[in-house]
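Report on the structure
Chain by chain, the residues:
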Protein chains: 4
Amino acid sequence: MKNVLERVGVSLDQNLLNQFDALIEKQGYVNRSEAVRDLIRARLDQEQTANPTADAVAAILLVYDHHASNLLERLNHLQHDHLLQIITSTHIHLDHHNCLEIIILKGKVSKIQSLANRMTCLKGVKLSRTNIMSTGKELT
Amino acid sequence: MKNVLERVGVSLDQNLLNQFDALIEKQGYVNRSEAVRDLIRARLDQEQTANPTADAVAAILLVYDHHASNLLERLNHLQHDHLLQIITSTHIHLDHHNCLEIIILKGKVSKIQSLANRMTCLKGVKLSRTNIMSTGKELT
Amino acid sequence: MKNVLERVGVSLDQNLLNQFDALIEKQGYVNRSEAVRDLIRARLDQEQTANPTADAVAAILLVYDHHASNLLERLNHLQHDHLLQIITSTHIHLDHHNCLEIIILKGKVSKIQSLANRMTCLKGVKLSRTNIMSTGKELT
Amino acid sequence: MKNVLERVGVSLDQNLLNQFDALIEKQGYVNRSEAVRDLIRARLDQEQTANPTADAVAAILLVYDHHASNLLERLNHLQHDHLLQIITSTHIHLDHHNCLEIIILKGKVSKIQSLANRMTCLKGVKLSRTNIMSTGKELT
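Residues numbered from 1 in each chain as written. Chains lettered and ligands numbered in written order. Predicted model: local features only at pLDDT ≥ 70, side-chain atom pairs only at ≥ 80, totals over all residues.

Scanning chain A from terminus to terminus reveals 4 helices and 5 strands. Listing the helices and strands of chain A from first to last along the sequence gives β-α-α-β-α-β-β-α-β. Computed over its C-alpha atoms, the radius of gyration of chain A comes to 20 Å, more than 25% above the 14 Å expected for a compact globule of 140 residues. By its C-alpha atoms, chain A is 60 × 35 × 25 Å across when sized along the principal axes. Put simply, chain A has 140 residues, and 38% of those count as buried. Counting only contacts in chain A whose residues sit at least 6 apart along the sequence, the fraction spanning at least 24 positions is 70%. (Helix = DSSP H or I, 4+ residues; strand = E, 2+ residues; numbered from the N terminus. Rg over C-alpha atoms; globule rule 2.2 N^0.38 Å. Buried ≥ 20, exposed ≤ 12 C-beta atoms within 10 Å, placed from the backbone. Contact = placed C-beta atoms within 7 Å.)

Shown next as structure tokens:
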């Protein structure tokens, strides 16, 4: 897919424009177009991932007690039971008691949420976060 | 303050633009500028209300059991104890047991959050939601 | 519906309990049961309002420029076009330019979201917030 | 630190308890204590990560176009410029155009947010998500 660049005009009150320019300069944007594109991409992403049947990529983060017996086996079983494409599973030692597991996967939004819910319930899992994102293909 | 309208150009890949146009047409926007302005205003609002010392307007919503003894008096006391400008307080009967109280107020973000936290704790209050918004003046 | 009170036991590590007690004391809870009930009610509310076909009560907040021509008429039309039970609509002057409209309504979650989306798009509406809550009946 | 288990009593209306039990059974919890502990841990985590000066662990997720020139170098520079302990940085190919970078780091909440903001601005970065979590130590 070749990317054809278009230039569109947007009307804004000077006051609103000045505030936006001040914000994006503070944040570190090099130009206004990139900042507007990011707002548009974030809005499209929000819309797409609100659809349970859409394809998405996700990161499930779990902080857990690695002394919890059999937790890794049970996490592993859950990953195999759900029809999701697990891409990677990374394991990080946070301290003597706690680990962080980062599971990157692809699949339907609803399947991802259901797997994340099941993982959250496991004894030993203390915190969980689920990030569901558009695959990026659509956001060129 | 007179509003001077400016027209700025934004570069986007055709693919991204097509998706954005499809979304905003579905949502009901009459033109692209209004949709971009809404994204910018929402982003500025998010930034401003993240600042504890900023001035804001807020709506605190409370679903509560109106049989709870003295709840209205205690809510009332809290409103007077905090140095916030209460604008209105509206009371709606939801069903035999439950009421919805909508408290509109102005003040510093941190003060609003602290008042909302205190109200949430009151016995009889079942659910609460706090909406903190820029006053609008800045978002012309 | 008579409320029968039950007492259930919960096991917690002392460390977690101490931190929770410190937090709820700071927040202003009079006892631990009320704080746990609030967590449970918030979790149930989150689950119920995630269901598009569930009945809910909602507050739609709109900050808008009251000089925008015909905005109130268009808001009014939208309220009548959607099969939702509008309970109240309150209008507050924020400053010379801006008003806050608070629309309280009942209906299916999906209908509420669709109405809120349409209102957000209207020219003159600068900011919007939608609060969807369980009706409270279920949260005794 | 030895974990001493405490048993506390919580009073709830039967109606609320029944609904909570139904929800946690559906979600897959093996017992009610674990579900209540998860609610408490999530609440404490929310409180702790709202404090800009608290220590936290974070995952910054970036979907980006790997054809964007020098993006990896610029990401790398940003990681070194901020006084944060980067633990891992994992790179995943999503499709022909897009990659997902997962950066796990430790540091003060405010520093993490500032780094994430800077990364989001980089040309080529299409989507970003920042997850800030308590380190887990406190949530035993």
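Time to look at the interface of chain B and chain C. Between chain B and chain C, the contact holds 40 residues from the first and 40 residues from the second. Sorting the residues of the side of chain B that touches chain C by element identifies helix 2 (32-49), strand 2 (55-65), strand 3 (85-93), strand 4 (98-108), helix 4 (109-121) and strand 5 (125-133) of chain B as the ones contributing at least two each. For the side of chain B that touches chain C, the residue count by class is 17 nonpolar, 13 polar and 10 charged. (Nonpolar A, V, L, I, M, F, W, Y, C, P; charged D, E, K, R; others polar.)

Let us now look at the relation of the copies chain D and chain A. Of the transformation placing chain D onto chain A, the axial shift is 0.0 Å and the rotation is 180°, giving an RMSD of 0.0 Å. Both copies of the chain, as the preceding transformation shows, are related through a two-fold rotation axis. An overlap of 100% is found between the interface residues of chain D and their copies at the interface of chain A, pointing to a shared contact surface. (Least-squares fit on C-alpha atoms with pLDDT ≥ 70 in both.)

Between helix 2 (residues 32-49) of chain A and helix 2 of chain B, the least distance of the axes is 10 Å, while the angle of their chain directions is 90°. The orientation of helix 2 of chain A with respect to helix 2 of chain B, classified from their angle, is roughly perpendicular. Contacts between helix 2 of chain A and helix 2 of chain B involve Val 36, Leu 39, Ile 40 and Arg 43 of chain A from the former and Val 36, Leu 39, Ile 40 and Arg 43 of chain B from the latter. Of the residues contributing to the contact of helix 2 of chain A with helix 2 of chain B, the split by class is 6 nonpolar, no polar and 2 charged. (Axes fitted to C-alpha atoms, helices over the stretch in contact; angles between N-to-C directions. Parallel < 35°, antiparallel > 145°, perpendicular 65-115°, else oblique.)

This part is about helix 1 (residues 14-27) of chain C. Over its 14 residues, helix 1 of chain C runs 20 Å from end to end, which matches the ideal 20 Å to within 8%, given 1.5 Å per residue. Buried residues in helix 1 of chain C make contact with strand 1 (5-13) and helix 2 (32-49) of chain C together with strand 1 (5-13) and helix 2 (32-49) of chain D. Phi turns positive, to about 110°, at Gly 28 of chain C, one or two residues after helix 1 of chain C. (Expected span 1.5 Å × (residues − 1).)

Working definition: the strands of a sheet are paired by backbone hydrogen bonds and lie parallel or antiparallel to each other. Residues and elements named next belong to chain D. Within the open sheet, the 4 strands sit side by side as 3-4-2-5. Their pairing is antiparallel. This sheet does not close on itself; its edge strands, each paired only once, are strand 3 (85-93) and strand 5 (125-133). Going from strand to strand, the sheet's axes swing by 15° on average, the running direction of each strand aside. Of the pairings in the sheet, the one linking strand 3 to strand 4 (residues 98-108) comprises 8 bridges and is antiparallel in character. The residue bridging Ile 92 from the neighbouring strand is Leu 100, located in strand 4. (Pairing = 2+ DSSP bridges.)

Interfaces are often described in size by the accessible area the parts lose on coming together. All names here are of chain A. You can read the domains of chain A as domain 1 (14-49) and domain 2 (55-139). Each of domain 1 and domain 2 has a C-alpha centre, and the two are 31 Å apart. The interface of domain 1 with domain 2 comprises 5 residues on the first partner and 7 residues on the second. (Domains from an automatic or database assignment.)

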